[in-house]
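One-letter residues, chain by chain:
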Amino acid sequence: MSRIFDEPAISLLVRDHDEPGIEIRVNFGVFAGRHATPAEIDELALALRDFVPSFAIVSEERHEFEDAVEASVHQVVIEVSREHAGGAPDVLAEQIVLAANGWALECIASRHGAGEL
């Protein structure tokens, strides 16, 4: 075995990945023109607790590359495990989308004044 695998790893290969039961992507940066702050992520978490007891929020800067094209966007991803998605995951997903949209619009308005999008 190579020495690289004997050292503590900075990068890890994930062979098996548990897909979330629900995954919602909020294109925050496209509309806000900035990253979501940690305080704003906490506000989103508070809103989501009304619908689901356990979830993950990932705030990411995503870069995609293809030939001569590069795209970069800031997204907020909400993941709910299959275990916590419940018996009606489509209904829960719709509630989360509505809550996330409301949250994003409030965040954007708080930095851009009362103007409309």
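Bear in mind that the values here come from a model prediction, so they are computed numbers and not experimental data. (Residues numbered from 1 in each chain as written. Predicted model: local features only at pLDDT ≥ 70, side-chain atom pairs only at ≥ 80, totals over all residues. Heavy atoms only, no water.)

I would appreciate a short explanation of the confidence of the model for the protein in the present structure.
Interpreting fine coordinate detail is not advised for predicted regions of low pLDDT. In this model, the protein carries an average pLDDT of 88, and 90% of its residues clear a pLDDT of 70 or more. Mean pLDDT values over the elements of the protein span from 92, in helix α1 (residues 28–32), up to 97, in helix α2 (residues 38–48). (pLDDT = per-residue confidence, 0-100. Helix = DSSP H or I, 4+ residues; strand = E, 2+ residues; numbered from the N terminus.)

Is there a simple way to think about the nonpolar core in this case?
As a rule of thumb, soluble globular proteins bury nonpolar side chains together. The biggest cluster of nonpolar side chains holds 23 residues, and the ones touching the most others in it are Val26, Phe28, Val76, Ile78 and Trp103. Per element, the largest residue contribution to this core is nine residues, and it comes from helix α4 (residues 89–112). Setting aside residues no more than four positions away along its own chain, valine 76 makes contact with Ile24, Arg25, Val26, Phe28, Ala36, Ile41, Leu44, Ile57, Val58 and Trp103. (Core = buried A, V, L, I, M, F, W, Y, C linked by side-chain atoms within 4.5 Å. Buried < 20%, exposed > 50% of the residue type's maximum accessible area, 1.4 Å probe, protein only. Contact = heavy atoms within 4.5 Å.)

Help me understand the pattern of salt bridges, please; the structure alone is not making it clear to me.
Side chains bearing opposite charge may pair, as long as their charged atoms lie close to each other. On inspection of all chains with the given rule, the structure shows five salt bridges. Glutamate 23 is paired through a salt bridge with arginine 25; the nearest N and O atoms lie 3.0 Å apart. Here arginine 62 makes a salt bridge to glutamate 60, at a shortest N to O gap of 3.9 Å. We classify arginine 62 as partly exposed; its relative accessible area is 34%. Beyond isolated ion pairs, a larger network of salt bridges with shared partners links Glu23, Arg25, Glu60, Arg62 and Glu64. (Salt bridge = Lys/Arg side-chain N within 4 Å of Asp/Glu carboxyl O.)

Looking at this structure, how should I read the environment of valine 97?
In this structure, valine 97 sits in helix α4. Taking the C-alpha atoms as reference, valine 97 lies 9.9 Å from glutamate 23; in sequence the two are 74 residues apart.

Help me understand α2 in this model?
Because an α-helix completes one turn every 3.6 residues, residues spaced three or four positions apart along the sequence face the same direction. Of the positions making up α2, those classed as buried are Glu40, Ile41, Leu44, Ala45 and Leu48. For α2, the angular spread of the buried residues around the axis is 145 degrees, confining them to a single face. Projecting away from the buried face of α2 at angles above 90 degrees are the exposed residues Asp42 and Leu46. (Arc of directions from axis to C-beta.)

Which parts of the structure should I look at to understand unusual backbone geometry?
If you check the backbone angles, aspartate 67 has positive phi at about 45 degrees while not being a glycine. Counting through the fold element by element, aspartate 67 comes out in the loop between β2 (56–66) and β3 (69–80). A residue is classified by how much of its surface remains accessible, and aspartate 67, at 83% relative accessible area, is exposed.

So what exactly am I meant to see when it comes to the packing of aromatic side chains here?
When we look at a pair of aromatic rings, we describe it by the centre distance and by the angle of the planes. As enumerated under the stated definition, the model contains one aromatic pair in all. Where phenylalanine 28 meets tryptophan 103, the ring centres are 5.2 Å apart and the plane angle is 35 degrees; that geometry is what we call tilted. A residue pair is termed long-range when its members are at least 10 positions apart, and phenylalanine 28 in helix α1 and tryptophan 103 in helix α4 qualify at 75 residues. Grouping residues by exposure puts phenylalanine 28 and tryptophan 103 together as buried. (Phe/Tyr/Trp six-rings, centres within 6.5 Å; stacked < 30°, edge-to-face > 60°.)

How should the pairing of β3 be read in this particular structure?
Two faces belong to every sheet, and in a regular strand the side chains alternate between them. Here strand β1 (residues 22–26) pairs with β3 via five bridges, running antiparallel. What sits directly across from isoleucine 22, in β3, is valine 80. Sheet topology note: the β2/β3 ladder contains 11 bridges and is antiparallel. Counterpart to histidine 63 in the pairing with β3 is serine 72. Hairpin connection of β2 to β3: two residues between the antiparallel strands, including aspartate 67 at a positive phi of 45 degrees. (Pairing = 2+ DSSP bridges.)

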